[in-house]
Amino acid sequence: MPVTSYLALGAILFSVGLYGVLTKRNAVVVLFCVELMLNAANINLVAFSKYGLYSNQTGQVFTLFTITIAAAEAAVGVAILFALYRNQNTVKVDRYNSLNG
């Protein structure tokens, strides 16, 4: 399978994630779309590590770091979302225009 297939898949996933971040109002869906964008970047990192000029494991190591950071981001994002839901009883992003309660 050529590298362009992986890069096209990564570009499509990133585009879908970016569309979701920019258009959706539900905070949970926005978090999922951010995770989709990170996974698209991971696909590109692995493709470049396998098909790059100097094929090595660097892209795969960066992918592991990205997955770890994505897991921490999801945990912190969900915790913040729970706190905001407790205060304002909604998960709509456009309602969170003020952080001072």
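The structure we're discussing is the one just above.
Residues numbered from 1 in each chain as written. Predicted model: local features only at pLDDT ≥ 70, side-chain atom pairs only at ≥ 80, totals over all residues. Heavy atoms only, no water.

On to the overall build of the chain. A tally of regular secondary structure across the chain gives three helices and zero strands. Scanning the chain from its N terminus toward the C terminus, one meets helices and strands in the order α-α-α. Here the C-alpha radius of gyration of the chain, 17 Å, is well above what a compact globule of 101 residues would show, namely 13 Å. By sequence separation, contacts in the chain at least 24 residues apart represent 54% of the contacts at least 6 residues apart. For the chain, the accessible surface area stands at approximately 7200 Å², while carbon and sulfur atoms represent 69% of it. (Helix = DSSP H or I, 4+ residues; strand = E, 2+ residues; numbered from the N terminus. Rg over C-alpha atoms; globule rule 2.2 N^0.38 Å. Contact = heavy atoms within 4.5 Å. Areas by Shrake-Rupley, 256 points an atom, 1.4 Å probe, with all protein chains shown as cover.)

With that settled, consider the packing of helix H2 (residues 27-51) against helix H3 (residues 58-88). Contact geometry of H2 with H3 gives a least axis separation of 9 Å together with a crossing angle of 175°. With respect to their mutual orientation, H2 and H3 come out roughly antiparallel. Residues Ala27, Val28, Leu31, Val34, Glu35, Leu38, Asn42, Leu45, Val46 and Ser49 of H2 touch H3, and the partners they reach there are Gly59, Gln60, Phe62, Thr63, Thr66, Ile67, Ala70, Glu73, Ala74, Gly77, Val78 and Leu81. (Axes fitted to C-alpha atoms, helices over the stretch in contact; angles between N-to-C directions. Parallel < 35°, antiparallel > 145°, perpendicular 65-115°, else oblique.)

Our next topic: a nonpolar patch on the surface. A cluster of nonpolar residues, Phe14, Leu18 and Leu22, forms a patch on the protein surface that exposes about 290 Å² of accessible area. When you line up the elements, Leu18 lands in helix H1 (residues 3-23). When its relative accessible area of 36% is taken as the criterion, Leu18 is described as partly exposed. (Patch = residues over 30% accessible without salt bridge, like charges linked within 9 Å, V, L, I, M, F, W, Y side chains within 5 Å. Salt bridge = Lys/Arg side-chain N within 4 Å of Asp/Glu carboxyl O. Buried < 20%, exposed > 50% of the residue type's maximum accessible area, 1.4 Å probe, protein only.)

Within the secondary structure layout, Asn42 lies in helix H2. Those residues in contact with Asn42 that lie beyond four places of it in its chain are Thr63, Thr66 and Ile67.

Such coordinate-based values are descriptive only and should not be taken to indicate function.
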